[in-house]
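Each chain is listed here by its residues.
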Amino acid sequence: MPSNNQNHSDDHFTKTSATIPSRRETYRNQKARKAQKQRHAKASSKRRGCFFWTLLVIVVTLIFGGHYAYKK
């Protein structure tokens, strides 16, 4: 009977230790998260740049259009 209890405690230890990532896995996860953040930063930077240029074109068009309408 004691061997059953011992097996049960060994199973619990094995399950617990299997969920802890190794240092290599942790490093890979950190590296993957960093790459994902960089991709997200580039995408938002592109959107911000596109928004800026679109807004600039609209404002310049309105200024020249207003100036033209005023002269007419």
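For the structure itself, look to the data block above.
Treat the numbers as computed from the prediction; the structure is a model and nothing was measured.

1. Brief notes about the overall build of the protein chain
Next up, step 1: Helices and strands together make up the secondary structure of the protein chain, namely 2 helices and 0 strands.
Next up, step 2: By the burial criterion, 1% of the 72 residues in the protein chain qualify as buried.
Next up, step 3: Accessible surface for the protein chain amounts to roughly 7,400 Å². Of this, 61% is attributable to carbon and sulfur atoms.

2. Notes on the packing of aromatic side chains
Next up, step 1: Applying the stated criterion to the full structure yields 1 aromatic pair.
Next up, step 2: Aromatic pair Phe52 and Trp53: ring centres 5.3 Å apart, planes at 75 degrees, arrangement edge-to-face.
Next up, step 3: The exposure class assigned to Phe52 is partly exposed, which follows from its relative accessible area of 46%.

Parameters at a glance
Residues numbered from 1 in each chain as written. Predicted model: local features only at pLDDT ≥ 70, side-chain atom pairs only at ≥ 80, totals over all residues. Heavy atoms only, no water. Helix = DSSP H or I, 4+ residues; strand = E, 2+ residues; numbered from the N terminus. Buried < 20%, exposed > 50% of the residue type's maximum accessible area, 1.4 Å probe, protein only. Areas by Shrake-Rupley, 256 points an atom, 1.4 Å probe, with all protein chains shown as cover. Phe/Tyr/Trp six-rings, centres within 6.5 Å; stacked < 30°, edge-to-face > 60°.

Keep in mind that these numbers describe shape and distance, not what the molecule does.
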